[in-house]
Amino acid sequence: MRKRILSSVMYLQLAAAISASEASLRMLLQTAVSNNPMIIAADKEYSAKANEVLPSYFPDNPSVGYEYMTTGENKFSINQMLDFPLKTYFKGSIKTHEAMVAKYNAALVKAGTIRDIRIAYFEAAAIERLRELEKNKKMELGLFRDISGSKYKTGRGEQADYVRAKIDILLSEKKVLSFNAERETKLQMLARLIGGPIPAGIEFGTDGLTADIDTGALLRATNSFAGILIKNTALGKSEDENSLAAFDFLPDINLMGTYTTSPMGNSASVFIGLTVPIYLPFKEIPRAAAAGDMKGSAQSELSNAVNEVIADIASRTAVYQQSKETLALFSGTILHEARQALDASFKLYETDKITFFNLLQNIIMLYDYYAEEVMARRDTYTAWAWLNYYTGISGEKK
């Protein structure tokens, strides 16, 4: 309870400084970072991999032994196996690279979750706006229905006009129900992404949210994007594995010391043994060849990942620019003129200068344009969310 109260206070303080839409989106993102199971799992995996690095530089624990002989001798021994020093270095380096892959993967999971939450939020905002527009359309259709009904009763209109208006109102109600179902689906998706119920007071919209992109950051994405860093680090790991395989024939060291007590006197001995690669053609050489192939595979995966990121950034940048231009066109000119055309046609219909069909076409056209403006806004912010996924730039105002 205390945590929920503090969260609500923080939300209200945040909303006072920025728009409700921006505060809502930030609250969803902050909740996800703390609660999303995939983010938590990725962080735990990184922690586990990081804890494996230091032990990899140490040899296996030594073995100790005691032997008693019937002659009265007591033999104490200690045995330690050691890798050739270069092998120890490469094994430790491999574990370091594995930890770094886990670190970048945690960053990628977080970035992907943030991207998905933003997209789901913008889609929910679009559905919310479309639902409001459909309700407004229904109200206007209701006004036209009443006017067409009055004209029909006075002999100045057709019954078909009145019936058509009633049918369009029912179709509008059907669309509202459809939007309600879509909205619920998006809310469930958001709840899954943030790892729990949606906080109270969340509003859906785009007021106060920026949709600008950093072109410089996009150009640097092939060096900074976590997905590329994963492949690059995996290549480093493969290089270490290749080097380890190349030195695999070098001897490992077996150190053993003994101390014996007996009635005849005490004695000590030291034994140093080396492994001999007598199976070199069947073990070490095939391992080296396999490691070389894996290195080549990692190089190809890195090149492919870079090409995919470049292509996707180019594609989504084009969508972003097109959607942004379309949004500006609708917001600046088309909607204003369509609204004026409807208002003018309404007056003409009242004075019997145009048919009900002409009036209906104008209202349908206006709300179709409204819907296109909403979809252009959604597409703009969706493309922005994808581009920010590659750059790691938050996009929200500080």
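To start, this report covers the structure provided alongside it. Numbers given to residues run from 1 along each chain, matching the order in which its sequence is written. Selection of residues for local features in this predicted model requires a pLDDT of at least 70, selection of side-chain atom pairs for listing and counting requires 80 or more, and totals for whole chains, interfaces and linings are taken over all residues. Side-chain measures here rest on the full set of heavy atoms in the structure, leaving out hydrogens and waters.

## Considering the sheet that holds strand 3 (residues 253-261)
In step 1: Ordered in space as 1-2-3-4, the 4 strands form an open sheet in which the pairing is antiparallel. The two strands at the open ends of the sheet, each matched to only one other strand, are strand 1 (63-68) and strand 4 (267-274). Taking each pair of neighbouring strands and ignoring which way they run, the sheet shows an average axis angle of 15°.
In step 2: Paired strands are those between which DSSP finds at least two bridges. Each helix is a run of H or I in the DSSP string that is no shorter than four residues. Each strand is a run of E no shorter than two, and both are numbered from the N terminus. Note that strand 3 and strand 4 share 8 bridges and pair antiparallel. Its bridge partner lying in strand 4, G257 is registered against V270. To get an axis, a line is fitted to the C-alpha atoms, and for a helix only the part in contact is used. The angle between two axes follows their N-to-C directions and goes from 0 to 180 degrees.

## Observations concerning helix 8 (residues 226-246)
In step 1: The span one expects for a helix is its residue count, reduced by one, times 1.5 Å. Helix length check: helix 8, at 21 residues, gives a terminal C-alpha distance of 30 Å against a target of 30 Å (1.5 Å per residue), a fit within 8%.
In step 2: On the buried face of helix 8, the contacting elements are helix 4 (85-153), helix 7 (221-224) and helix 9 (284-350). Working rule for contacts: check all heavy atoms of both residues, and any pair within 4.5 Å makes them a contact.

## Let's talk about the packing of helix 9 against helix 10 (residues 356-391)
In step 1: In contact at an axis separation of 7 Å, helix 9 and helix 10 are set at 155° when each is read in the N-to-C sense. As far as their axial angle goes, helix 10 and helix 9 are roughly antiparallel. Note that helix 9 runs across helix 10; the crossing there is left-handed.
In step 2: Under the grouping applied here, Gly and all other residues not named as nonpolar or charged are polar, the nonpolar ones being Ala, Val, Leu, Ile, Met, Phe, Trp, Tyr, Cys and Pro and the charged ones Asp, Glu, Lys and Arg. Taken together, the residues that form the contact of helix 9 with helix 10 break down as 26 nonpolar, 7 polar and 8 charged. Oblique is the label for any angle not covered by the other classes, which are roughly parallel (under 35 degrees), roughly antiparallel (over 145) and roughly perpendicular (65 to 115). Note: crossing handedness is left-handed where the near helix turns anticlockwise from the far helix by less than a right angle, and right-handed where it turns clockwise.

## Digging into a nonpolar patch on the surface
In step 1: Taken together, L54, Y57, F58 and Y89 make up a surface patch of nonpolar side chains, about 460 Å² in accessible area.
In step 2: Mapped onto the elements of the fold, Y89 is located in helix 4. Like-charged residues are merged into a patch within 9 Å and nonpolar side chains (Val, Leu, Ile, Met, Phe, Trp, Tyr) within 5 Å, provided each residue has over 30% relative accessible area and no salt bridge. Surface accessibility follows the Shrake-Rupley procedure with a 1.4 Å probe radius. Residue values consider only the protein chains on display as shielding. The salt bridge definition used is simple: a Lys or Arg side-chain nitrogen within 4 Å of an Asp or Glu carboxyl oxygen.

## Side note on the packing of helix 2 (residues 20-35) against helix 4
In step 1: Contact geometry of helix 2 with helix 4 gives a least axis separation of 10 Å together with a crossing angle of 145°. In the crossing of helix 2 with helix 4, the sense of the turn from one axis to the other is right-handed. Contacts between helix 2 and helix 4 involve S21, S24, L25, L28, L29, A32 and V33 on the former and, on the latter, K110, T113, I114, I117, R118, Y121 and F122.
In step 2: Looking at the contact of helix 2 with helix 4, its residues break down into 9 nonpolar, 3 polar and 2 charged.

## A closer look at the pairing of strand 1
In step 1: By the bridge criterion, 6 bridges tie strand 1 to strand 2 (residues 74-82) in an arrangement that is antiparallel. Directly across from E67, in strand 2, lies its bridge partner K75.
In step 2: Hairpin remark: strand 1 followed by strand 2, antiparallel, with 5 residues in the connecting loop; positive phi at G72, about 95°.

## Observations regarding the packing of aromatic side chains
In step 1: Stacked, edge-to-face and tilted labels apply to pairs of Phe, Tyr and Trp rings (six-membered ring for Trp) whose centres lie within 6.5 Å, assigned for plane angles under 30 degrees, over 60, and everything in between, in that order. Scanning the model with the defined rule gives 15 aromatic pairs in all.
In step 2: Seen in terms of ring centroids, Y367 and Y370 are 5.4 Å apart; in terms of plane orientation they differ by 50°. Their pairing is tilted. With Y367 and Y370 both in helix 10, this residue pair falls 3 residues apart, about one helical turn.
In step 3: Geometrically, the ring pair formed by Y381 and W384 is edge-to-face, given 6.3 Å between the ring centres and 75° between the ring planes. With Y381 and W384 both in helix 10, this residue pair falls 3 residues apart, about one helical turn. W384 carries the same exposure label as Y381, and that label is buried. For every residue, the accessible area (1.4 Å probe, protein chains only) is compared with the maximum for its type, and the residue is labelled buried under 20%, exposed over 50%, or partly exposed between those bounds.

## A look at helix 2
In step 1: When the terminal C-alpha atoms of helix 2 are compared, their 22 Å separation across 16 residues agrees well with the 22 Å that a helix rising 1.5 Å per residue should span.
In step 2: Along helix 2, the residues classified as buried are S21, E22, A23, S24, L25, R26, M27, L28, L29, T31 and A32.

## Overview of the side chain of T206
In step 1: For T206, the location among the structural elements is in the loop between helix 5 (159-194) and helix 6 (215-219).
In step 2: T206 gets classed as buried once you look at its relative accessible area, which sits at 14%.
In step 3: Ignoring any residue separated from it by four or fewer positions in sequence, one finds T206 in contact with S21, F122, R377 and Y381.

## Some words on the nonpolar core
In step 1: By nonpolar core is meant a set of buried Ala, Val, Leu, Ile, Met, Phe, Trp, Tyr and Cys residues that side-chain atoms within 4.5 Å join together. Judged by nonpolar contacts, the single largest core of 43 residues is most densely connected at I117, F122, F204 and Y390.
In step 2: Of all the secondary structure elements, the ones that give two or more residues to this core are helix 2, helix 4, helix 5, helix 8, helix 9 and helix 10.
In step 3: Residue contributions to this core peak at 9 residues, all from helix 4.
In step 4: Setting aside its immediate chain neighbours within four residues, Y390 contacts A221, F225, V309, D312 and I313.
In step 5: One finds L133, L141, I354 and F356 within the second-largest nonpolar core, a separate group that totals 24 residues.

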